[in-house]
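Observations on the model geometry
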Amino acid sequence: MQDDNGSRPHEPTAGRDAFNEEALDWFAKLQDAASDRHVAEQFDAWRESDARRAEAFRRVEALWNSSELRAAVKASAAPSRTTASATMSAPRRGASARWSIRLAVAAAVVILAVAVAKFPDFMLSMRADYMTAAGESQKISLPDGSVMTLNTASSVSLDFADGRREVTLLSGEAFFQVVHDPQHPFRVTGHLGDAEVKGTAFSVRTDETEDTVLVREGLVDAGPLESRQTRALLAAGHGAIITKASMSPMPEGDTERGLAWLDGRISFVDRPFGRVLDDLRRYYGGRIIVTNDRLKRTAVSGDYRLDNPELVIRSLAEATGAKFTRLPGGIIFLR
């Protein structure tokens, strides 16, 4: 979608929320490794790499000292201490209580930070013709007779005036079954790339770092927005990952796995746990915070139904040896 002067917005709407997420991840990690010099150095490098990251962490620190936070800590930590006292020895009770307070503090910060991030979500809704919430999908008949299936936590704007067939994917992912019309190409634009067809079946997914195009039927012409010479014709069963000025083919077999969501499933082979969690966040709707970088890099494989994403997260946490903690409000900590 274009702004009033005809240029494409430079930064995705969800950018601020991404910095909030990073700041919250660092907050939780620092609570668990406050005296670790290596972690402190990594944190300093992260904070100094971008003024927006520093500002996001300052917001978290301000929330730390708020009265709302202290009330949330008191409410969340008390039951955990009661439970611990009934089941653990005195030394373990103290450790459990300290960890309960850490979790409660982090949970309160997450809850308050959600409010901070609401404005970008509101702006996104103002631009979108269709939106889906976490865990929701929607099948939509388009003005030309094509059918669009909008995946979870996704949004699009449409332009079908004067013979145009153009869809801007503002966030998330959509699958298109396009009515054949050689005179009016069907175009889908993401944050970094676009895909154009005369009539076929394909999907486009967009985020802040890359767009992904997967083809189920026919041919799709795709490429980066900032490098019009870098384009490829993708056949059925193939896909491509598009960055700002380049594109690369999807590994063999990843196309159908990437379309498993159409059947209500998520499928992956030897994929970093952190990337799988990025997918599951879109279906879960709550917050997932990982305080162990090793977990994010651990390769996992699986094929799961998506109707209970928390169960999928629990299963993968067990497989990777992660400790799973769920707080009120649907906040999950993995460490």
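For the structure itself, look to the data block above.
If you're wondering where the values come from, they're calculated on a predicted model, not measured in any experiment.

This part is about the pairing of strand 9 (residues 211–217). Consecutive residues of a regular strand have side chains that alternate between opposite faces of the sheet. In terms of burial, strand 9 is largely enclosed, as five of its seven residues are buried. Strand direction decides the pairing type here: strand 8 (residues 201–206) and strand 9, joined by six bridges, are antiparallel. Of the residues in strand 9, the one forming a bridge with Arg205 is Thr212. Remark: four residues form the turn of the hairpin made by strand 8 and strand 9, two consecutive strands paired antiparallel. Alignment of strand 9 against strand 12 (residues 239–242), held across four bridges, turns out to be antiparallel. For Thr212, the partnering residue across the bridge sits in strand 12 and is Ile241.

With a phi close to 55°, Asp162 is a non-glycine residue in the positive phi region. The residue Asp162 is located in the loop between strand 4 (155–159) and strand 5 (165–177) in this model. Of note in the backbone geometry, Asp270 takes a positive phi value of approximately 50° without being a glycine.

Moving on, we come to the sheet that holds strand 18 (residues 331–334). If you trace the three strands from one edge of the open sheet to the other, you get 15-18-17, paired in mixed fashion. Each edge of the open sheet is held by one strand with a lone partner, namely strand 15 (288–290) and strand 17 (324–327). Each adjacent strand pair in this sheet contributes to an overall mean axis angle of 20°, direction not counted. Of the strand pairs in this sheet, strand 15 and strand 18 are connected by three bridges, and their pairing is parallel. When the sheet's bridge partners are listed, Val290 is paired in strand 18 with Leu334. Sitting on the sheet, helix 8 (residues 273–284) is in contact with strand 15, strand 17 and strand 18, with an inclination near 160° to strand 15.

Attention shifts here to the pattern of salt bridges. Following the criterion strictly, the structure yields 22 salt bridges and no others. Glu22 is the partner of Arg53 in a salt bridge, and the nearest nitrogen-oxygen pair spans 2.6 Å. Of the two residues, Arg53 sits in helix 3 (residues 51–64) while Glu22 sits in helix 1 (residues 15–32), which places them 31 residues apart along the sequence. Residue Glu22 is classed as partly exposed on the basis of its relative accessible area of 26%. As a salt-bridge pair, Arg326 and Glu310 come within 2.9 Å of each other at their nearest N and O atoms.

Turning our attention to helix 10 (residues 309–320). With twelve residues, helix 10 extends 17 Å between its outermost C-alpha atoms, agreeing within 8% with the 16 Å of an ideal straight helix rising 1.5 Å per residue. Along helix 10, the residues that are buried comprise Pro309, Glu310, Val312, Ile313, Leu316, Ala317 and Thr320. For helix 10, the angular spread of buried residues about the axis comes to 155°, placing them on one side. Facing away from the buried side of helix 10 by more than 90 degrees, the exposed set consists of Leu311, Glu318 and Ala319. Positive phi appears at Gly321, one or two residues downstream of helix 10, with a value of about 80°.

The next point concerns the packing of helix 8 against helix 10. Interaxial distance between helix 8 and helix 10 falls to 10 Å at its minimum, and their mutual angle equals 160°. On the basis of the axis angle, helix 8 is roughly antiparallel to helix 10. Crossing of helix 8 against helix 10: the hand is left-handed. Each of Phe273, Val276, Leu277, Leu280, Tyr283 and Tyr284 in helix 8 lies in contact with helix 10, whose residues at this interface are Pro309, Glu310, Val312, Ile313, Leu316, Ala317 and Thr320. Split by residue class, the contact of helix 8 with helix 10 holds eleven nonpolar, one polar and one charged.

For the rest of this paragraph, the subject is the pairing of strand 4. For strand 1 (residues 130–131) and strand 4, the ladder comprises two bridges, and the chain directions are antiparallel. Looking across to strand 4, one finds that Tyr130 is bridged to Val156. Relative to strand 5, strand 4 is paired through five bridges, and the arrangement is antiparallel. Pairing of Val156 across the sheet is with Leu169, part of strand 5. Where strand 4 hands over to strand 5, the hairpin turn is made up of five residues, of which Asp162 adopts a positive phi near 55°.

So, how was this worked out
- Per chain, residues are indexed from 1 in the order of the written sequence.
- Local features are withheld for residues below a pLDDT of 70 in this predicted model, meaning they are given only at 70 or higher, and side-chain atom pairs are given and counted only at 80 or more; totals for whole chains, interfaces and linings count all residues.
- In computing side-chain values, all of the structure's heavy atoms are included and hydrogens and water are not.
- Buried residues are those whose accessible area, probed at 1.4 Å on protein chains only, stays under 20% of the maximum for their type, while exposed residues exceed 50% and partly exposed ones sit between those limits.
- By the criteria applied, helices consist of DSSP H or I runs no shorter than four residues and strands consist of E runs no shorter than two, each listed in order from the N terminus.
- Only strands joined by at least two bridges in the DSSP assignment are considered to pair.
- In this analysis, axes come from line fits to C-alpha atoms, helices being fitted only over the stretch in contact, and the angle between any two N-to-C directions falls in the range 0 to 180 degrees.
- Contact between two residues is taken to exist if any of their heavy atoms lie within 4.5 Å; hydrogens are not considered.
- What makes a salt bridge here is a side-chain nitrogen of Lys or Arg within 4 Å of a carboxyl oxygen of Asp or Glu, nothing more.
- Expected span of a helix: the number of residues minus one, times 1.5 Å.
- In this description, the arc belongs to the directions extending from the helix axis to the C-beta atoms.
- Geometric relationships in this document are graded by angle, where less than 35 degrees denotes roughly parallel, more than 145 denotes roughly antiparallel, 65 to 115 denotes roughly perpendicular, and other angles denote oblique.
- Left-handed describes a crossing whose near helix is turned anticlockwise from the far helix by less than a right angle; the clockwise case is right-handed.
- Residue classes follow a fixed rule: Ala, Val, Leu, Ile, Met, Phe, Trp, Tyr, Cys and Pro count as nonpolar, while Asp, Glu, Lys and Arg count as charged, and any other residue, Gly among them, counts as polar.

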